[in-house]
Amino acid sequence: MTEVPVGGAPDLPFLRWTGDAGRAHSELVLSPASDSVDAAIAAAREVLARLCDVSNLVVLHDTNNVVVGAGTFVAKVTTNNAVAERERLLADHASAMGAPAFASVAAPVISGGFSVVVWPQGAPASSVSRRDAALALRSVQRAWSSCGISLPTLAGRLEEARSLLRSGELDQVLDRHIASALDDVIGEGIEAICDRSAIIHGEPHDGNFVLHRSRLVVIDFEAVCLGPIEWDAAFF
């Protein structure tokens, strides 16, 4: 098996998205990789095969994005290259600053029409205390303060979700009275947080903390945005 340093990012010979193609993607993904699981797994296999034995792939996650493990690596497969690239930049910066985050093994690459990023694989951190998880998250948040990466706002994401509710695209799966109530709740939330600008993880649930060589590591930065720090704190 080929070992790649945790901090390295070799150039894999795949065609990459252009900047224009990346900007064309919305933050709100309506056709996630999980809609085509078999194709997403094939894309992960193609990329991981350049790094390790892929005879025993394991699907670790197949809701929205698809995450596939092989050896000491995981491949995260998404249909949104702009978000994948931003997640990589955030992780690489935090890792370079000494925060408990993985650096990507390789930059996002195209395989089968998907964007695939390879990461080191960690173990579940089920026994870690809330305090230790909160301290690890805070360390990563502080590292991001110097990253200089353009980030979306939580209020903007809520507004995009609100626009989807109003578009009629969900009418077949969501009762209009429920949709109207959700619209009101989202509107109140937007008003409450629109002037809050801390860099937050967005989804610091238990599954986004792993152990790697006895060190607690924070993962999954695709929801990182500007918003109230209380949003992250509520997960603890």
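As the structure is a prediction and not an experimental result, all values here were calculated from the model.

(A) Just the packing of helix α3 (residues 81-96) against helix α4 (residues 130-144), in detail. At a minimum axis separation of 9 Å, α3 and α4 run at an interaxial angle of 105°. Viewed along their axes, α3 and α4 adopt a mutual orientation that is roughly perpendicular. On the side of α3, the interface is formed by L90, H93 and A94, while α4 contributes V140, A143 and W144. Considering only residue class, the contact of α3 with α4 consists of five nonpolar, one polar and no charged.

(B) Just unusual backbone geometry, in detail. Phi is positive for N64, close to 70°, though the residue is something other than glycine. Along the chain, N64 falls in the loop between β1 (58-61) and β2 (66-70). With relative accessibility at 34%, the residue N64 sits in the partly exposed group. One non-glycine residue, S214, lies in the positive phi region at around 70°. Examined against the element boundaries, S214 turns out to sit in the loop between β8 (209-212) and β9 (215-218). Using a relative accessible area of 78% as the deciding quantity, one classes S214 as exposed.

(C) Spatial organisation of the packing of aromatic side chains. As enumerated under the stated definition, the model contains two aromatic pairs in all. Relative to F221, the ring of W144 lies with its centre 5.0 Å away and its plane at 90°, an arrangement referred to as edge-to-face. Note that W144 is positioned in helix α4 and F221 in the loop between β9 and β10 (225-227), a separation of 77 residues in sequence. With 6.3 Å between their ring centres and 65° between their planes, F209 and F236 make a pair best called edge-to-face. Here F209 is found in strand β8, whereas its partner F236 is found in the segment after α7 (229-233), with 27 residues between them in sequence. For F236, a relative accessible area of 35% puts it in the partly exposed group.

(D) Geometry of the pairing of strand β3 (residues 73-78). In terms of residue burial, β3 counts as a mostly covered element, since six of its six residues are buried. With burial as the criterion, each face of β3 is covered, one bearing F73, A75 and V77 and the other bearing V74, K76 and T78. With five bridges connecting them, β2 and β3 associate as antiparallel partners. By the bridge assignment for β3, V66 is matched with V77. If you look at the hairpin formed by β2 and β3, you'll find two residues sitting between the two strands, and G71 has a positive phi there, around 60°. Where β3 lies against strand β5 (residues 114-120), six bridges are found, and the strand directions are antiparallel.

(E) Quick peek at the nonpolar core. With 28 residues, the main nonpolar core has V140, W144 and F221 as its most contacted residues. Of all the elements in the fold, those that place two or more residues in this core are α3, β5, α4, β8 and β9. Residue contributions to this core peak at six residues, all from α4. In contact with W144, other than residues within four places in its own chain, are L90, H93, A94, I199, I200, H201, F221 and V224. One finds A33, F73, V105 and V116 within the second-largest nonpolar core, a separate group that totals 22 residues.

(F) Summary view of the pattern of salt bridges. Within the structure shown, the criterion is met by nine salt bridges. The shortest N-O distance in the salt bridge between K76 and D220 comes to 2.8 Å. Here K76, found in strand β3, pairs with D220, found in the loop between β9 and β10; they are 144 residues apart in sequence, far enough to count as distant. Note that R130 and D206 form a salt bridge whose closest N and O atoms lie 3.3 Å from each other. With R130 in helix α4 and D206 in the loop between β7 (198-200) and β8, this residue pair connects regions lying 76 residues apart in the sequence.

Conventions we followed
- Residues numbered from 1 in each chain as written.
- Predicted model: local features only at pLDDT ≥ 70, side-chain atom pairs only at ≥ 80, totals over all residues.
- Heavy atoms only, no water.
- Axes fitted to C-alpha atoms, helices over the stretch in contact; angles between N-to-C directions.
- Helix = DSSP H or I, 4+ residues; strand = E, 2+ residues; numbered from the N terminus.
- Parallel < 35°, antiparallel > 145°, perpendicular 65-115°, else oblique.
- Contact = heavy atoms within 4.5 Å.
- Nonpolar A, V, L, I, M, F, W, Y, C, P; charged D, E, K, R; others polar.
- Buried < 20%, exposed > 50% of the residue type's maximum accessible area, 1.4 Å probe, protein only.
- Phe/Tyr/Trp six-rings, centres within 6.5 Å; stacked < 30°, edge-to-face > 60°.
- Pairing = 2+ DSSP bridges.
- Core = buried A, V, L, I, M, F, W, Y, C linked by side-chain atoms within 4.5 Å.
- Salt bridge = Lys/Arg side-chain N within 4 Å of Asp/Glu carboxyl O.

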